[in-house]
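Structure assessment
Take a look at the letters that make up each chain.
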Amino acid sequence: MVFQDATAFIFNNKGMSSSMSTKNATTSGWKAGDRSPKIWKGKLTFIMAAAGSAVGLGNLWKFPYIAGENGGGAFVLVYLAFILCFGIPLLAAEIGIGRSTRKNAYSAFDSLAEKTGANKHWKKVGGLAISTSYLILSFYTVVAGWCLYYFYISATGRFNDPAQSFDKSFTSGIFEALLASPISLIIFSTIFLGMTYAIVTSGVVKGIEKTINWLMPSMMLMLTVLIGYSAAVGDFDAAVEFLFMPDFSKLTLDSIIIALGHSFFTLSLASAAMITYGSYMPTDNSIPKTAFAVAGVDILVALTAGLAIFPLVFKYGLEPGAGPGLMFISLPLIFNDMPYGQLFGSAFFFMMFIAALTSAISLMEPTVAWLEQRFNWTRNKSAALTTLSLWVVSLGTVLSLNEWDSPIFFGKTLFDALDYLTANVFMTAGALATAIFCGFCLKQEQLEVMFGKGSLAIPSFKFTMRYLAPLFVATLTLASI
Ligand code: TRP
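Notes on the structure follow.

So, how was this worked out
- Residues numbered from 1 in each chain as written.
- Predicted model: local features only at pLDDT ≥ 70, side-chain atom pairs only at ≥ 80, totals over all residues.
- Heavy atoms only, no water.
- Salt bridge = Lys/Arg side-chain N within 4 Å of Asp/Glu carboxyl O.
- Buried < 20%, exposed > 50% of the residue type's maximum accessible area, 1.4 Å probe, protein only.
- 1 Å grid on protein atoms, 1.4 Å probe; cavity = no way out; pocket = protein on both sides within 12 Å on 5 of 7 lines; lining within 4 Å.
- Points joined across faces, edges and corners; volume = space filled by probe spheres on them.
- Nonpolar A, V, L, I, M, F, W, Y, C, P; charged D, E, K, R; others polar.
- Helix = DSSP H or I, 4+ residues; strand = E, 2+ residues; numbered from the N terminus.
- Contact = heavy atoms within 4.5 Å.
- Polar contact = N/O pair within 3.5 Å; in protein donor to acceptor, adjacent residues only side chain to side chain.
- Bend = angle between axes of the 7 residues up to and from the residue.
- Near = heavy atom within 4 Å.
- Sits in = over half its atoms within 2 Å of the grid points.
- Core = buried A, V, L, I, M, F, W, Y, C linked by side-chain atoms within 4.5 Å.
- Expected span 1.5 Å × (residues − 1).
- Phe/Tyr/Trp six-rings, centres within 6.5 Å; stacked < 30°, edge-to-face > 60°.
- Lys NZ or Arg CZ within 6 Å of the ring centre and 35° of its normal.

Concerning the pattern of salt bridges
- Counting across every chain of the model gives 5 salt bridges.
- The residue K250 makes a salt bridge to D247 at a minimum N-O spacing of 4.0 Å.
- Residue classification places K250 among the partly exposed residues on the basis of a relative accessible area of 44%.
- Of the charged contacts in the structure, one is a salt bridge between E365 and R379, with a shortest N-O distance of 2.4 Å.

In structure tokens form, the structure reads like this:
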């Protein structure tokens, strides 16, 4: 009874006049604890929105280069195992926490802790998760700005200038010049942040749902075309062997830890996004099935990105372990040489930009939802303040790439420190805490609200949350220290 869902109420109010739904009902019209009028309308929207959050620069930019750096096949296998064993259960947990409370991450933990008689400090886990998404966005927008800049220069033919002698010093020169120019970085990341703001401020259904519903299919379509082209032009067999033939001698403790961290990062876990999106999920969507579907899309895109990039890398004799520069320094070398390189190059960076945009929306939403509910602010005000403050923080990130390029936190620049802190400290701690909370604090009653009465998922979920995930995450964290 306590967990009675609001969806029936929501569905009955579908016909609400639009002025009311934007101005009053979605914002100041309800306080934390009230029934939220924000529920996705389409049956597939949650999957698309959550997959849009999960599929991002982590899949297209980070996964190929960390797979390359860590030896390929064996790393990919470990990463898949982590997603299956821990990623999917944790994803289901976060969606469930959101949907059963219909609140922002902070209040969701707060209200569940209250209902189960758990310690009231659990709400801090929600607070940590919201801060994590906020901090990730402060550097995510800068990297997304790079994609936008690269789209611009590939579309305008910078990588296809016949008069230009093409080698690595030329493409790395372009990348270094970009990083050295605060103005360019600020312009492109500001455009990106502005677009994210415009979508988020328009509302959960009118802004996010509407945009995601066409952005995600376009992105998947582009990726499919790109992989087909790359398979035709490049050395596909070598790429398949590299990604799928495990060589366990190349696996180190370090690569296992990287695989674990990335399995959380790629599913947008421990950063409040899935809890917040879960709070907009209709009650008749199955949580376990949805979690599998979202993780499935996420894995598919990561592997497809690998299969679109590595055939070209091998064909043109580039280094698969080239690190973060793989996308921005190595790949442009190819665009010059390959047939239709200008088109391929700009399509590639445009696709990265869309993927980053759908993730950024879900990185902004947790803070906006929290501000709206905590202070009873309108959506416009919450989104505007979030964006403005993020813009200021992102200036710090931008400057740490050039003017302030000196170690300020534990030998790292601000950019590297934010990346390291969120991905390796906050997300691991948040995932660990979420697992313990679900394993020990939630009662059968809450688990039934999440998974359905008599669901077979409950016992294995409980076991994973109680023992498997905490033991594994804690052991690996200790080993890494
Ligand atoms: N999953 C995103 C990616 O692969 C990155 C990410 C981490 C994220 N946490 C998030 C995105 C929270 C949105 C919300 O690029």
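Comments concerning empty space enclosed by the protein
- Within this structure, the stated rule accounts for 2 cavities of 30 Å³ or more.
- The calculated volume of the largest cavity comes to roughly 140 Å³.
- What lines the largest cavity is a set of 18 residues, among which S53, Y140, F265, S268 and L363 lie closest to the centre.
- By residue class, the composition of the lining of the largest cavity is 9 nonpolar, 9 polar and no charged.
- If you add up the space inside the second largest cavity, you get close to 50 Å³.
- Surrounding the second largest cavity, E94, F109, V125, A129, A270, S271, A272, I275, G430 and T434 form its lining.
- Classifying every residue of the lining of the second largest cavity by side-chain character gives 6 nonpolar, 3 polar and 1 charged.

Quick look at the environment of D405
- Along the chain, D405 turns up in the loop between α17 (379-399) and α18 (414-441).
- Excluding its chain neighbours within four sequence positions, the residues that come into contact with D405 are L399, S400 and T413.

Considering the side chain of R102
- Within the fold, R102 resides in the loop between α5 (73-101) and α6 (105-116).
- A relative accessible area of 5% places R102 in the buried class.
- In terms of polar contacts, R102 uses its side chain to reach the backbone carbonyl oxygen of S279, at 2.8 Å.
- At 2.8 Å, the side chain of R102 forms a polar contact with the backbone oxygen of M281.

Considerations on helix α20 (residues 457-480)
- Its maximal kink placed at T464, α20 deviates by approximately 45°.
- When we look at burial in α20, the residues that qualify are I458, F461, T464, M465, A469, P470, V473 and L476.
- Close packing links the buried residues of α20 with α5, α12 (253-266), α18 and α19 (444-451).

Re the site of the ligand
- Near the ligand you find 17 residues, and of these A54, G58, Y140, F265 and S362 are the closest.
- Measuring from an oxygen atom of the ligand, one finds a side-chain N or O atom of Y140 at 2.7 Å.
- Within the contact set of the ligand, a nitrogen atom lies 3.2 Å away from a backbone nitrogen or oxygen of T266.
- Judged by the proximity of its atoms to the pocket grid, the ligand belongs to the largest cavity.
- Mapped by element, the contributors of at least two residues to the shell around the ligand are α3 (45-54), α4 (57-69), α7 (123-155), α12 and α16 (341-375).
- Partitioning the shell around the ligand into residue classes produces 8 nonpolar, 9 polar and no charged.

Details of the nonpolar core
- Ranked by internal contacts, the top residues of the largest apolar core, which has 160 residues, are W61, W146, Y150, F328, F348 and M352.
- Top element by residues in this core is α7. It accounts for 18 residues.
- Not counting the four nearest positions on each side in its chain, M352 is found in contact with L57, L60, W61, C147, M327 and F328.

A look at α16
- Its 35 residues place the ends of α16 51 Å apart at the C-alpha level, agreeing with the 51 Å of an ideal helix rising 1.5 Å per residue.
- E365 marks where α16 bends most, by close to 30°; the proline P366 follows one to four residues later.
- The buried fraction of α16 is high, at 28 of 35 residues.

Brief notes about the layout of surface pockets
- The space that makes up the largest pocket amounts to roughly 1,100 Å³.
- Its residues assigned to classes, the lining of the largest pocket comprises 24 nonpolar, 9 polar and 7 charged.

A look at the packing of aromatic side chains
- Using the criterion set out here, one finds 40 aromatic pairs in the structure.
- On the numbers, 4.9 Å between centres and 35° between planes, the contact of F63 with Y79 is tilted. With F63 in helix α4 and Y79 in helix α5, the pair connects residues that are 16 residues apart, well separated along the chain.
- With a centroid separation of 6.0 Å and an interplanar angle of 85°, the aromatic rings of F335 and F349 are classed as edge-to-face. You can see F335 sitting in helix α15 (residues 325-337) and its partner F349 sitting in helix α16, a full 14 residues away along the chain. F349 carries the same exposure label as F335, and that label is buried.
- In this arrangement the basic side chain of K62 is found over the ring face of F265, its NZ or CZ atom lying 4.6 Å from the centre.
- Positioned above the aromatic ring of Y316 is the side chain of K315, whose terminal nitrogen or guanidinium carbon lies 5.6 Å from the ring centre.

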